[in-house]
Amino acid sequence: MPAVSKGDGMRGLAVFISDIRNCKSKEAEIKRINKELANIRSKFKGDKALDGYSKKKYVCKLLFIFLLGHDIDFGHMEAVNLLSSNRYTEKQIGYLFISVLVNSNSELIRLINNAIKNDLASRNPTFMGLALHCIANVGSREMAEAFAGEIPKILVAGDTMDSVKQSAALCLLRLYRTSPDLVPMGDWTSRVVHLLNDQHLGVVTAATSLITTLAQKNPEEFKTSVSLAVSRLSRIVTSASTDLQDYTYYFVPAPWLSVKLLRLLQCYPPPEDPAVRGRLTECLETILNKAQEPPKSKKVQHSNAKNAVLFEAISLIIHHDSEPNLLVRACNQLGQFLQHRETNLRYLALESMCTLASSEFSHEAVKTHIETVINALKTERDVSVRQRAVDLLYAMCDRSNAQQIVAEMLNYLETADYSIREEIVLKVAILAEKYAVDYTWYVDTILNLIRIAGDYVSEEVWYRVIQIVINRDDVQGYAAKTVFEALQAPACHENLVKVGGYILGEFGNLIAGDPRSSPLIQFNLLHSKFHLCSVPTRALLLSTYIKFVNLFPEIKTTIQDVLRSDSQLKNADVELQQRAVEYLRLSTIASTDILATVLEEMPPFPERESSILAKLKKKKGPSTVTDLEETKKERSADMNGGAEPAPVNASTVSTPSPSADLLGLGTGPPTNAASPPASSGSLLVDVFSEPASAVTQLAPGSQENFASPDLASSELVSEEPAETARGADELTHKFVCKNNGVLFENQLLQIGLKSEFRQNLGRMFIFYGNKTSTQFLTFTPTLICSDDLQSNLNLQTKPVDPTVDGGAQVQQVVNIECISDFTEAPVLNIQFRYGGTFQNVSVKLPITLNKFFQPTEMASQDFFQRWKQLSNPQQEVQNIFKAKHPMDPEITKAKIIGFGSALLEEVDPNPANFVGAGIIHTRTAQIGCLLRLEPNLQAQMYRLTLRTSKETVSQRLCDLLSEQF
Amino acid sequence: MIKFFLMVNKQGQTRLSRYYEHVEINKRTLLEADVIKTCLSRSKEQCSFIEYKDFKLIYRQYAALFIVVGINETENEMAVYEFIHNFVEVLDMYFSRVSELDIMFNLDKVHIILDEMVLNGCIVETNKARILAPLLILDKMAES
């Protein structure tokens, strides 16, 4: 190995780096970098041709500057030129620059593609390797178009060098990931599978990555890979530690390849062929055995590599979930790791065991480790390890150990990190409910939860306890007594006041016989908390009071006095005031019979999925919890339904709160919390309908803010991009004079828009609503601008979350800058998976030039003076057209104002005509615009004249506005 | 899949960054600063895997230099953890007792080594001799 001197001869580079290191401040560093950038730029621009060495030096400097976090906006052309050099060193640095600095939507891709094409054709393996690396790392669609046909051939050709095959495999993987439609399956697929048999382990490593991805998408076609992978794996695990030479790492044969092969096998169920299956079981047993053998080396590298393979083998065993013997062995192995001195192993063991707990074969075996796991919860110094321990306790919980686990979790909650408290609260609440035999235990547990971590007890949790108490009459008296006692504490959490208020309002009569909790004492106790509570809680308490009026007629006058007080009747909060007024009135005029009917005890809630579970699923992502739930179904208790929105008597006296209208326009957090409840009853209803938060957003009523009666959105339902595009053209016209509305809707998806513009800037909120109850996966909206449009209109947006839950709505913000006037509209392309199918929707985004209009008021005289100034024939565009809509002057006026210009009254001598004026703002120019619309009622025609200082602007505005009348 | 491969020193200066998914330059700086902050705040007793946003960080410390790899759920934590060490051993072999300075002054070569080992976010080569082969050809050409 040659000794490499520091700096390796590139003195300029060394000096520059030293300078940077010596910079005392960020400012000094930036100054030095700018100086260097100027220097390099002038070198690149200079007449003197740079030699390879200098180019390399400068490119290295640019790489270094880029690394420091500075964008490099030049040098790309120079790098592209280096690609066509015949010298390996220059070519190499060119490719390096490109793969680090060029992203896949660069305009240079075409030039780069040319160089790649030449290098691929060169048959020089080194050059081919560089070219393939570049495709694998940049991997744009244009590259896929150019090379997707070529690369499979290189990959399976008999005479391709091993290193080139390796690169080709990952190159193909990249193209398949970015543009699966361009990589056709063909006869190469079967030959790719056989690369698993290749003599060269590097080729097998690369091929395994490729095949794993392909097999996930096309399991049938790559089924043969299973037996090949098993035999390859078997050869590796049974090899002597010297057999694989350089692929042996600290006496472990090909650990990374083994891991990949084990991953590949996890794409499939256990092999059907008994021979293959036997061989695989043998492999897995060998791996488990090796873990028990004395290590071949004391080095930690040896055990790490061995354990990497072991953990992957265990993942496969769990994935197959079919060999009880292996599952139990895996569990025992993990049990050993739980007490290992290395934190990494404890962490991974807890994580693996969590999945193992859901297998019926190993659930019991996992349970034997409960003490160790509880101990981990108490002693681990790493929060992420403790978090794993909580997960595992949750996973191993069943009726036999629920009380112990819930108690330990409650204990831990007192000192738990804030970051994981909410999750623990949810888990405790779920376990307590699911495994409750004795519901007094359940009530105690939840009240404890509120006491210990009240702030982390979400609405779902306390709604749930009320729901359960209402549904089970055996626990109601106990619940009333317990909350009454808990409320005695001088400081109690507001959530406790809510639960207490609700439960006493329903079941306070059950404890009223005891003189220590007489009606008046109950009322005074609750009312002593009233003034410290937030508005929603006070609203709930007012409902409790009116329920008391029915339950305890003897304290009716006390309650009426409270309701009548100024602080209630004249409360600044509309909701509280309204309740006080209505409840007072109700208590005064209604007969006892009516009171008893209206304020009757809540009927039981129909049983359905717990809303807490839904919340936990949302928090953790659907897969983890669902699996757990399914496997545990048979063990779960019977009572645990959720609730349908039940008819709520109390709500009849209260009208919905005006704030409910806020829902739907996702500007605030669009959750239940955003809409204060209309009454205590409907508050429960809102949340109990489990996907409520999501559904209400999509409900028609909540979309008033951008509902648009004139939108014939049903016409636009289409999956065919071509068809959609045509529809979208009409649609764009509909958005010319307004900024909000429904852009697109089909059976699956609704797209709403809300936008605002100011001068040359704008912001558009796009709302994607999932109308189904199924998740959308890999949900990717993309904005597509032609090159032309891109230079005139700058759109910035962030990617949205790739999964959209059923019934949910996600929002995307697009920041818009108009650089110069433009004609086309950008296209919004949305791709996602729904069920098993791939969906593709394209619509034009209604961003039109007139959005950047600012109205200008002017007097008649000024108007005609300017009108004359713009009399050049290029400045005027005129269109005479037939009216498409009834010629109503009021509508016409509204449209002109909606178009963005000022509507100038009493300017035109003919009062039937309309004139307008405004300025189109772009980054590069401001363009004054005058317009005149002359209707001819007899002929049902219009003449529209636009005069601006720029011909293209006149033309575009005239086109846009002509479509409106 | 490997999302990114970073070498950052204790002062928070990035010495090598390689992203296998496109990340805006300004976001890179923020991400790198946050990642190193997260790693520095951890003690030796804590594990080397950090759940970070929707992915995981695997990190190892060599003297004042941290190597941090971002991975998604399809990678094996332990395998990546040991892969980092393999990478360092390759650097050590080439630079004979590698130091932070070697990495700064030979950024291009470190990139070549990493590109031989990780391609498109996948581990592609682990055999040290084969990893270094193209670099040795390059050195030979530079000498002549």
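Model, not experiment: these values are computed from the prediction.

A. Layout of the packing of helix 5 (residues 88–101) of chain A against helix 4 (residues 107–117) of chain B. The N-to-C vectors of helix 5 of chain A and helix 4 of chain B enclose an angle of 75°; their axes lie 11 Å apart at closest approach. When the axes of helix 5 of chain A and helix 4 of chain B are compared, the pair comes out roughly perpendicular. For the pair helix 5 of chain A and helix 4 of chain B, the contacting residues are Gln92, Ile93, Leu96, Ser99 and Val100 of chain A in the first and Asp108, His111, Ile112 and Asp115 of chain B in the second. The residue makeup of the contact of helix 5 of chain A with helix 4 of chain B, split by class, is four nonpolar, three polar and two charged.

B. Highlighting the side chain of Asn792 of chain A. Mapped onto the secondary structure, Asn792 of chain A falls in helix 39 (residues 787–792). From its side chain, Asn792 of chain A meets the backbone oxygen of Asp821 of chain A in a polar contact 3.5 Å long.

C. Up close: the packing of aromatic side chains. Residue and element names in this part refer to chain A. Under the counting rule described, the total for this entry stands at 34 aromatic pairs over all chains. Here Tyr418 and Tyr456 contribute two aromatic rings whose centre-to-centre distance is 6.4 Å and whose plane-to-plane angle is 20°, an arrangement assigned as stacked. Taken together, the residues Tyr418 in helix 23 (residues 418–434) and Tyr456 in the loop between helix 24 (439–453) and helix 25 (459–471) connect sequence positions 38 residues apart. Residue classification places Tyr456 among the partly exposed residues on the basis of a relative accessible area of 23%.

D. Local environment of the confidence of the model for chain B. Confidence in the prediction for chain B averages 91 pLDDT; 99% of positions are at 70 or higher. We note a pTM of 0.66 for the whole complex and an ipTM of 0.96 for its interfaces.

E. Broad picture of the interface of chain A and chain B. In this complex, chain A contributes 72 residues to the contact, which on the side of chain B involves 67 residues. Around 6,200 Å² of area is buried between chain A and chain B when both sides are counted, 57% of it from carbon and sulfur atoms. In this structure, the connection of chain A to chain B is made through five salt bridges. A salt bridge links Lys56 of chain B to Glu351 of chain A, with the nearest nitrogen and oxygen atoms 2.6 Å apart. Scanning the region where chain A abuts chain B turns up 28 residue pairs in polar contact (both at pLDDT 80 or more). Element by element, the count of residues in the side of chain A that touches chain B is highest for helix 10 (residues 162–178) of chain A, at eight residues. Partitioning the side of chain A that touches chain B into residue classes produces 33 nonpolar, 23 polar and 16 charged.

F. Up close: the nonpolar core. The biggest cluster of nonpolar side chains holds 279 residues, and the ones touching the most others in it are Ile98, Ile112 and Ile116 of chain A together with Phe87 and Ile113 of chain B. The element contributing the most residues to this core is helix 2 (residues 77–95) of chain B, with twelve residues. Residue-level mapping places this core at the junction of two domains, with at least three residues from each of domain 1 (8–76) and domain 2 (490–603) of chain A. Beyond its immediate sequence surroundings of up to four residues, Ile113 of chain B is in contact with Phe87, Val90, Leu91, Tyr94, Ile131, Leu132 and Leu135 of chain B.

G. Seen up close, the pattern of salt bridges. Going through the model one piece at a time under the given rule, you end up with 50 salt bridges over all chains. With a closest N to O distance of 3.6 Å, Glu90 of chain A and Arg87 of chain A form a salt bridge. Across the pair Glu125 of chain B and Arg130 of chain B runs a salt bridge whose closest N-O atoms are separated by 2.9 Å. The class of Glu125 of chain B is buried, set by a relative accessible area of 3%. Overlapping salt bridges, with partners in common, bring together Glu351, Arg388, Asp391, Glu423 and Lys427 of chain A together with Glu51, Lys56 and Glu77 of chain B in one network.

H. Fine view of the sheet that holds strand 8 (residues 809–818) of chain A. Residues and elements named next belong to chain A. Strand order across the open sheet formed by five strands is 3-4-5-8-7, with antiparallel pairing between neighbours. Edge positions in the sheet fall to strand 3 (741–745) and strand 7 (793–797), since each has one partner strand and no second. Each adjacent strand pair in this sheet contributes to an overall mean axis angle of 25°, direction not counted.

I. Quick peek at the environment of Ser786 of chain A. Following the sequence through the fold, Ser786 of chain A ends up in the loop between strand 6 (776–784) and helix 39. On a C-alpha basis, the gap between Ser786 of chain A and Ala825 of chain A in space is 9.1 Å, while along the polypeptide they are 39 residues apart.

J. Broad picture of helix 27 (residues 494–507) of chain A. If you check helix 27 of chain A, its first and last C-alpha atoms are 19 Å apart, about what 14 residues at 1.5 Å a residue would give, namely 20 Å. Counted residue by residue, helix 27 of chain A has 13 buried out of 14 residues, so it is predominantly covered.

K. Structural view of the environment of Cys818 of chain A. Residue and element names in this part refer to chain A. With respect to the element layout, Cys818 can be found in strand 8. Residue Cys818 is classed as buried on the basis of its relative accessible area of 0%. It is 6.3 Å that separates the C-alpha atoms of Cys818 and Asn794, two residues lying 24 residues apart in sequence. The residues contacting Cys818, other than those within four sequence positions of it, are Asn760, Asn792, Leu793, Phe852, His921, Thr922 and Arg923.

L. The arrangement of a negative patch on the surface in detail. The grouping of Glu107, Asp787, Asp788 and Glu824 of chain A at the surface amounts to a negative patch. Note that Asp788 of chain A resides in helix 39.

Conventions adopted
- Each chain has its residues counted from 1, following the order in which its sequence is written.
- Chain A is the first chain written and ligand 1 is the first ligand written, with later ones labelled in order.
- At least 70 in pLDDT is required for a residue's local features to be given in this predicted model, at least 80 for side-chain atom pairs to be given and counted, and no such filter applies to totals for whole chains, interfaces and linings, which use all residues.
- Excluding hydrogens and water, the side-chain figures rest on all heavy atoms present in the structure.
- Simply put, an axis is a line fit to the C-alpha atoms, just over the touching stretch for a helix, and the angle between two N-to-C directions goes from 0 to 180 degrees.
- The way it works is that DSSP assigns letters per residue, a run of H or I at least four long becomes a helix, a run of E at least two long becomes a strand, and they are numbered from the N terminus.
- Geometric relationships in this document are graded by angle, where less than 35 degrees denotes roughly parallel, more than 145 denotes roughly antiparallel, 65 to 115 denotes roughly perpendicular, and other angles denote oblique.
- Here, two residues are considered to be in contact whenever any of their heavy atoms come within 4.5 Å of each other.
- Throughout, the ten residues Ala, Val, Leu, Ile, Met, Phe, Trp, Tyr, Cys and Pro are labelled nonpolar, Asp, Glu, Lys and Arg are labelled charged, and all others, Gly among them, are labelled polar.
- Here a polar contact is taken to be a pair of N or O atoms separated by no more than 3.5 Å, where protein atoms must pair a possible hydrogen donor with a possible acceptor and residues adjacent in sequence count only if both atoms sit in side chains.
- Aromatic contacts are taken between Phe, Tyr and Trp rings whose centres are within 6.5 Å, Trp giving its six-membered ring; a plane angle under 30 degrees counts as stacked, one over 60 as edge-to-face, and the others as tilted.
- Only protein chains enter the accessibility calculation, which uses a 1.4 Å probe. A residue is then buried if its area is under 20% of the maximum for its type, exposed if over 50%, and partly exposed in between.
- pLDDT is a per-residue confidence score from the predictor, ranging from 0 to 100.
- By definition, the buried area sums, over both parts, the 1.4 Å-probe accessible area that each loses when the two are put together.
- Throughout this description, the term salt bridge denotes a Lys or Arg side-chain nitrogen within 4 Å of a carboxyl oxygen of Asp or Glu.
- By nonpolar core we mean a set of buried residues, namely Ala, Val, Leu, Ile, Met, Phe, Trp, Tyr and Cys, connected to one another through side-chain atoms within 4.5 Å.
- For the domains described, the bounds stem from an automatic or database domain assignment.
- When DSSP locates at least two bridges between a pair of strands, those strands are taken to pair.
- Working rule for helices: expected span equals 1.5 Å times residues minus one.
- Patch membership is restricted to residues that have no salt bridge and whose relative accessible area is over 30%. Joining uses 9 Å for like charges and 5 Å for the nonpolar side chains Val, Leu, Ile, Met, Phe, Trp and Tyr.
- Surface accessibility in these figures is a Shrake-Rupley result with a 1.4 Å probe; residues are shielded only by whichever protein chains are displayed.
- Residues scored as positive are Lys and Arg, those scored as negative are Asp and Glu, and His as well as the terminal groups of each chain are ignored.
- Each charge is placed at NZ for Lys, CZ for Arg, CG for Asp and CD for Glu.

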